[in-house]
Amino acid sequence: MKFKINLCNTLTIILNILFIISFNANSYELSDKVAACTLALNKGDLASAVTVSAEILKLEPNNHEGLLCKGRALGAQGKYNEALSALELAATNAQTGFDQIISYIFIGNLHKANNKNAEAIASYEKSLKACDLENNQKFKRITLNLIAEAQIQNNDLNAALINYLAGAKLANNDNERADSYERLAATYSTLGQYDSAIEYQLKGVLMQQKAGTLDQYANASSTLGQIYGKAKDYANAEKTYTKLIQFAKDNGGAYYEAKADYDLAQVKALSGDTDGAKIMMADALTMAKNIGERDLATEIEASMKKLSN
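Let us look at the structure shown here. (Residues numbered from 1 in each chain as written. Predicted model: local features only at pLDDT ≥ 70, side-chain atom pairs only at ≥ 80, totals over all residues. Heavy atoms only, no water.)

1. Comments concerning the packing of aromatic side chains
Argument step 1. Considering all chains together, one arrives at 5 aromatic pairs under this definition.
Argument step 2. Centre to centre, the rings of Phe-98 and Phe-139 are 5.2 Å apart; their planes meet at 85°, and the pair counts as edge-to-face. Taken together, the positions of Phe-98 in helix α5 (residues 97–113) and Phe-139 in helix α7 (residues 137–153) put the pair 41 residues apart, joining distant regions of the chain.
Argument step 3. Overall, the relative accessible area of 35% leaves Phe-98 in the partly exposed class.
Argument step 4. The class of Phe-139 is buried, set by a relative accessible area of 18%.
Argument step 5. Here Tyr-217 and Phe-247 contribute two aromatic rings whose centre-to-centre distance is 4.7 Å and whose plane-to-plane angle is 65°, an arrangement assigned as edge-to-face. (Phe/Tyr/Trp six-rings, centres within 6.5 Å; stacked < 30°, edge-to-face > 60°. Helix = DSSP H or I, 4+ residues; strand = E, 2+ residues; numbered from the N terminus. Buried < 20%, exposed > 50% of the residue type's maximum accessible area, 1.4 Å probe, protein only.)

Have a look at this one:
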């Protein structure tokens, strides 16, 4: 009898070990496939993402990451209803508060991409509630910005400003502050509130100068010049573009030099200096062609024709 008991115990131990080995092997396989699915999405290989997500769900039918990947891939393929079903199932199978946050964000993104702004906002608001429960300030800021984007898409700019301002308060570093300030500037500019737009875009430029890349700083400066132009503050627009031209020369940014030359030429045209505008546009056109920027060259040529008429 003692031998039988020991044999039973031994078999139980062996079965437990085999289960653990099988479980770990399955876990590793799932992890690899989730990584592969995400990589396929990032590369835009949607067919592969759908295939890999199906493999994940075959191993574990309610796998949260697999359902998210499937939903995102189907959404990118334009299969709205199928994508929504997968993403809603992912939200149902969320294991953590963070999983819920991500699920509702992707559901909102799907709605927004399909111009279903009310549905998008409703999903983002669920994400906000989950963010508050998790005390996740980073994703609360992201979600507030997404709500604002949906409101802008719905032409509700004043509501968008409220959420962008709330998001700006949660910015945790200079890069996030730059992003928030530029979003606010763009919205104020669309509303024609140029003083506020300039205020926030100046802040954005300063943040990009401190923490952004050269491209981000140049883009922010170019946008500042455009807002000055819309506000008919041609003197400050010219100063901004002149500074940007020098920055581009100092840092080898031929595209931004050509673009700033062109933008400055437009400012000169608006302020009545047609001859100066033509000279600068000709220089900008030559530079754009030399660096192979065909779209910019085409745009400059169209503007030159208008000036000549």
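2. Some remarks on the environment of Met-280
Argument step 1. Note that Met-280 resides in helix α14 (residues 274–290).
Argument step 2. If we ignore the near neighbours within four places in the chain, the residues touching Met-280 are Ile-245, Asp-261, Leu-264, Ala-265 and Lys-268. (Contact = heavy atoms within 4.5 Å.)

3. Some remarks on the nonpolar core
Argument step 1. Residues Leu-184, Tyr-188, Tyr-200, Tyr-262, Leu-296 and Ile-300 are the most contacted members of the largest nonpolar core, which totals 43 residues.
Argument step 2. Sort the elements by how many residues they give to this core and helix α13 (residues 254–270) lands first, with 7 residues.
Argument step 3. Setting aside residues up to four positions removed in sequence, Tyr-262 forms contacts with Met-281, Ala-284, Leu-296, Glu-299, Ile-300 and Ser-303.
Argument step 4. Among the nonpolar cores identified, the runner-up in size contains 27 residues, and Leu-57, Leu-68, Phe-139 and Ile-147 belong to it. (Core = buried A, V, L, I, M, F, W, Y, C linked by side-chain atoms within 4.5 Å.)

4. Comments concerning the state of the cysteines
As used in these notes, a disulfide is a covalent bond between sulfur atoms, one from each of two cysteines.
Argument step 1. Evaluated as defined, the whole model comprises 1 disulfide.
Argument step 2. Disulfide partner of Cys-37: Cys-69, at an S-S distance of 1.9 Å. Here the S-S torsion is close to -95°, and the disulfide linking Cys-37 with Cys-69 is therefore left-handed. Of this pair, Cys-37 sits in helix α1 (residues 2–43) while Cys-69 sits in helix α3 (residues 64–76), placing them 32 residues apart in sequence. Note on accessibility: Cys-37 and Cys-69 belong to one class, buried. (Disulfide = S-S within 2.5 Å.)

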